[in-house]
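Structural features, examined
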Amino acid sequence: MRIGKIDIDRPVILAPMEDVTDRAFRQLCKRHGADIVYTEFISAEALRRGVEKSIRKISVADHERPVAVQIFGNTVESMVEAAAIAETFDPDYLDINFGCPVKKVAGKGAGAALLKEPEKLSAIASAVAKAVSIPVTAKTRIGWDHDSINITEIVRRLEDSGMQAVAVHGRTRSDMYKGTADWDRIAEAKSACSIPVIANGDVWTADDAVAMFARTGADGIMIGRGSIGNPFIFAQSVSLVREGVRLPAPTYRERIRVAIDHMRLSVEYKGEKHGILEMRRHYATYLKGLPGVSKVRNELVRELDPVAIVELLESFEAHCEALEREGRLTESGEYLNDHSPRLILNYQTNTNPTTI
Ligand SMILES: Cc1cc2nc3c(=O)[nH]c(=O)nc-3n(C[C@H](O)[C@H](O)[C@H](O)COP(=O)(O)O)c2cc1C
């Protein structure tokens, strides 16, 4: 798939996610194999006004490349001005959000609301494409609701407006995140235009990634929620899609280590106080299913000192290791209680069966 100078065979991309894809998470996903990463969406209005939070969101680092900055807005003027500001932060490309369903965006005529105003969508896309010298792409949904699915018209318009690729989330605005993404509509979008199409929606495993490429014929795929607490999905998907090689599930040690890495990056980029506070909602997803997770999580969310957090996570790792030695936890983090047939099987193979 080619976007400007970027040329990657079947890329697996980190989707833009507000309050998730900050610099720390982008870097983490990059380390774990994401081919391209996106910033959180940034309001064109806020960017124009120089709001500090938006400036922080738009700052990208060289080690994240290729990285795309995403902006949203409801007027040609604000989007053109925001695009020019965004370009000065030197992303590899600029992405326009035409898919956000939430009230604070779509309710104000931006994001997915522009699917109801195709002329205005075209006007914004072409004005932005002309305003900057970096490539411009768009991300959208398949329509406003199920009575007005217009993704084929939309992708043709985006192509005609100079977009160099389009990411399609296979849901309508009214679906929000309900039901399942319609990959067949993404396939229709792919057939309707000749710019690269990036398929998005409901990739939770590497097998889903392979299936999405096959079903949609897309040039790239984008993973959002499936990467939260699980950046391993990128290397697993890239390996299975491009090499046909299935990587093993991460071990509990790797999951604990990634939580430590994420916390350290979060502190590095946001400072100790904010970095620690923002990490609090992530521990449970990294440690999901491990024995004693709720206890350690309760301790982690009370702690403010990064050194103490690392110690807590390391002692949780030691606790898991002890359980593994006793045959009660597998390396991949599967907890075997006393009634589990797997545990009995372990005893049968490792000890004298008569002792059971
Ligand atoms: C917490 C959260 C925040 C999101 N923020 C954005 C955003 O800023 N820009 C955007 O285009 N999409 C945003 N999305 C949508 C995702 O990029 C993606 O299209 C959607 O989650 C479907 O993909 P998935 O099934 O892989 O999660 C967000 C989704 C979630 C769950």
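Once that is clear, we can look at helix α9 (residues 206-216). The complete set of buried residues in α9 reads Ala206, Ala209, Met212, Phe213 and Thr216. End-on, the buried residues of α9 take up no more than an arc of 115 degrees, which puts them together on one face. Against α8 (183-192), β9 (197-200), β10 (220-223) and α10 (232-243) lie the buried residues of α9. In the segment just after α9, Gly217 is the residue with positive phi, at about 70 degrees.

Its location among the elements puts Ser239 in helix α10. The class of Ser239 is buried, set by a relative accessible area of 10%. Ignoring any residue separated from it by four or fewer positions in sequence, one finds Ser239 in contact with Gly244, Val245 and Leu247.

Right, let's get into the domain arrangement of the protein chain. The domains assigned to the protein chain are domain 1 (2-243) and domain 2 (252-343). Here domain 1 and domain 2 have C-alpha centroids that lie 31 Å from each other. The partner domain 2 presents 13 residues to the 15 residues of domain 1 that form the contact. With both sides pooled, the region where domain 1 packs onto domain 2 buries about 1,200 Å², and carbon together with sulfur makes up 65% of that total. When the buried area of domain 1 at its contact with domain 2 is split by residue, Ala24, Leu28 and Phe232 rank highest and sum to 34% of it. Run the count over domain 1 and domain 2 and you get 1 salt bridge. One salt bridge in this structure joins Lys270 and Asp22, with 2.7 Å as the shortest N-O distance. Put simply, domain 1 and domain 2 have 4 residue pairs in polar contact (both at pLDDT 80 or more) between them. The element best represented in the side of domain 1 that touches domain 2 is helix α1 (residues 23-31), accounting for 6 residues.

Calculation rules
- Residues numbered from 1 in each chain as written.
- Predicted model: local features only at pLDDT ≥ 70, side-chain atom pairs only at ≥ 80, totals over all residues.
- Heavy atoms only, no water.
- Buried < 20%, exposed > 50% of the residue type's maximum accessible area, 1.4 Å probe, protein only.
- Helix = DSSP H or I, 4+ residues; strand = E, 2+ residues; numbered from the N terminus.
- Arc of directions from axis to C-beta.
- Contact = heavy atoms within 4.5 Å.
- Domains from an automatic or database assignment.
- Buried area = accessible area lost by both parts, 1.4 Å probe.
- Salt bridge = Lys/Arg side-chain N within 4 Å of Asp/Glu carboxyl O.
- Polar contact = N/O pair within 3.5 Å; in protein donor to acceptor, adjacent residues only side chain to side chain.

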